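# Close look at the chain arrangement
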Amino acid sequence: MGKEPVRVLVTGAAGQIGYALVPMVARGVMLGPDQPVILHMLDIPPAAEALNGVKMELIDAAFPLLKGVVATTDVVEACTGVGVAVMVGGFPRKEGMERKDVMSKNVSIYKSQATALEKHAAPGCKVLVVANPANTNALILKEYAPSIPEKNITCLTRLDHNRALGQIAEKLNVQVSDVKNVIIWGNHSSTQYPDVNHATVKDKPVRELVKNDAWLNGDFISTVQQRGAAIIKARKLSSALSAASSACDHIRNWVLGTPEGTWVSMGVYSDGSYDVPAGLIYSFPVTCKGGEWKIVQGLSIDEFSRKKMDATAQELTEEKALAKSCLS
């Protein structure tokens, strides 16, 4: 007997990231090469025609694992029966907009989607928020979907994690698959802290191999933090291909597990680990097994790291307060 298809929701599916993401899901990049999927694509009414065009292309690509496509502007239809929800749709910040303006727009979007997910998604649905501000959008979603367990709501920092792996691989001229256990701490914003203190290449510490602490504590960190802006400058469009790919990585590891001895970065609910205020959605190093993530414990934190981790926690605390004021 073949596996039952999993219904995967992608919101904002007619947009750039959505267009890069849906073929990856249909090809088995997200849930594995033997897992059939039914794609649920949601977008706003002005994008309905474009969304239908994406559906036509998915049909034309004749993906063997793709057992059905739902393309809709109706949030209830989109959320019904989904086992994985990738929240890509959100209100983008435009020039001259204050963060609070963006936040209040996203509150209304996430309110309707959270309510529909809570009522209509499959039990145990795994939610990944991609749309920025991702950490705080995930908190907003949880606020309006109280019955979805905290452990099932996450946000994407795997893109930053993969960017950090890529920078180390380039610097050392090694295969990116040989670099492991970098960490992204905190917010998916320019305050995030990319940490290589526990990272290795073929079991040798990255710090010893790079032999350049000034770079690792300076340009390396700022390059990873500002990489999104650098891509916008180069492409005149935001990073879509890499965001879609890392969303697949995030869900794949969450569902199918992380390799022994390897951790990844995920934005998850803080339980107070590493003295990060509980109740924030904060990026931690995690391992995954049996469809559950677990924060890696017992890593040593030096003074430099502590300051960076606290600064990004402070930003998230401020964002949370801002969101709360928008909610009321």
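Up top you'll find the structure we're talking about.
Let us look at the structure shown here. (Residues numbered from 1 in each chain as written. Predicted model: local features only at pLDDT ≥ 70, side-chain atom pairs only at ≥ 80, totals over all residues. Heavy atoms only, no water.)

## Regarding unusual backbone geometry
At the junction of Asn132 and Pro133, the peptide bond is cis and its omega measures out at -5° in the coordinates. Mapped onto the elements, Pro133 comes out in the loop between strand S5 (126-129) and helix H5 (134-144). If you check the backbone angles, Tyr274 has positive phi at about 55° while not being a glycine. Examined against the element boundaries, Tyr274 turns out to sit in the loop between strand S12 (264-269) and strand S13 (281-289). Despite not being glycine, Asp275 has its phi angle at roughly 60°, a positive value. (Helix = DSSP H or I, 4+ residues; strand = E, 2+ residues; numbered from the N terminus.)

## Topic: the pattern of salt bridges
Inspection of every chain in the model, using the stated rule, returns nine salt bridges. Among the salt bridges present, the one from Arg306 reaches Asp310, with a minimum N-O distance of 3.0 Å. Of this pair, Arg306 and Asp310 are both found in helix H12 (residues 303-327), four residues apart, which corresponds to roughly one turn of the helix. The class for Arg306 is partly exposed, based on a relative accessible area of 21%. (Salt bridge = Lys/Arg side-chain N within 4 Å of Asp/Glu carboxyl O. Buried < 20%, exposed > 50% of the residue type's maximum accessible area, 1.4 Å probe, protein only.)

## A word on the layout of surface pockets
Here the second largest pocket defines a volume of roughly 250 Å³. Forming the walls of the second largest pocket are 16 residues, and the residues nearest its centre are Arg158, Leu165, Val179, Lys180 and Thr262. Ranked by residues supplied to the lining of the second largest pocket, first place goes to helix H6 (residues 158-172) with four residues. Looking at side-chain class alone, the lining of the second largest pocket contains six nonpolar, six polar and four charged residues. (1 Å grid on protein atoms, 1.4 Å probe; cavity = no way out; pocket = protein on both sides within 12 Å on 5 of 7 lines; lining within 4 Å. Points joined across faces, edges and corners; volume = space filled by probe spheres on them. Nonpolar A, V, L, I, M, F, W, Y, C, P; charged D, E, K, R; others polar.)

## Notes on the packing of H6 against helix H11 (residues 241-256)
Between H6 and H11, the shortest axis-to-axis distance is 8 Å and the interhelical angle comes to 105°. In terms of orientation, H6 lies roughly perpendicular with respect to H11. From H6, Arg158, Leu159 and Asn162 reach across to H11, where they touch Ser242, Ala243, Ser246, Asp249, His250 and Asn253. Classifying every residue of the contact of H6 with H11 gives two nonpolar, five polar and two charged. (Axes fitted to C-alpha atoms, helices over the stretch in contact; angles between N-to-C directions. Parallel < 35°, antiparallel > 145°, perpendicular 65-115°, else oblique. Contact = heavy atoms within 4.5 Å.)

## Remarks on the pairing of strand S2 (residues 37-42)
Judged by how many residues are buried, S2 sits mostly within the fold: six of six residues are covered. Residue alternation in S2 divides its side chains into two sets, Val37, Leu39 and Met41 and Ile38, His40 and Leu42, and both sets are buried. Judged from the six bridges that link them, strand S1 (residues 6-11) and S2 form a sheet pairing that is parallel. Of the residues in S2, the one forming a bridge with Arg7 is Ile38. Handedness of the β-α-β unit built from S1, helix H1 (residues 16-27) and S2 comes out right-handed. Where S2 lies against strand S3 (residues 66-72), six bridges are found, and the strand directions are parallel. Across the sheet, the residue bridging to Val37 is Leu66, located in S3. You can see the chain leave S2, run along helix H2 (residues 48-60) and come back into S3, and the turn it takes is right-handed. (Pairing = 2+ DSSP bridges. Right-handed = clockwise from strand over helix to strand, strands pointing away.)

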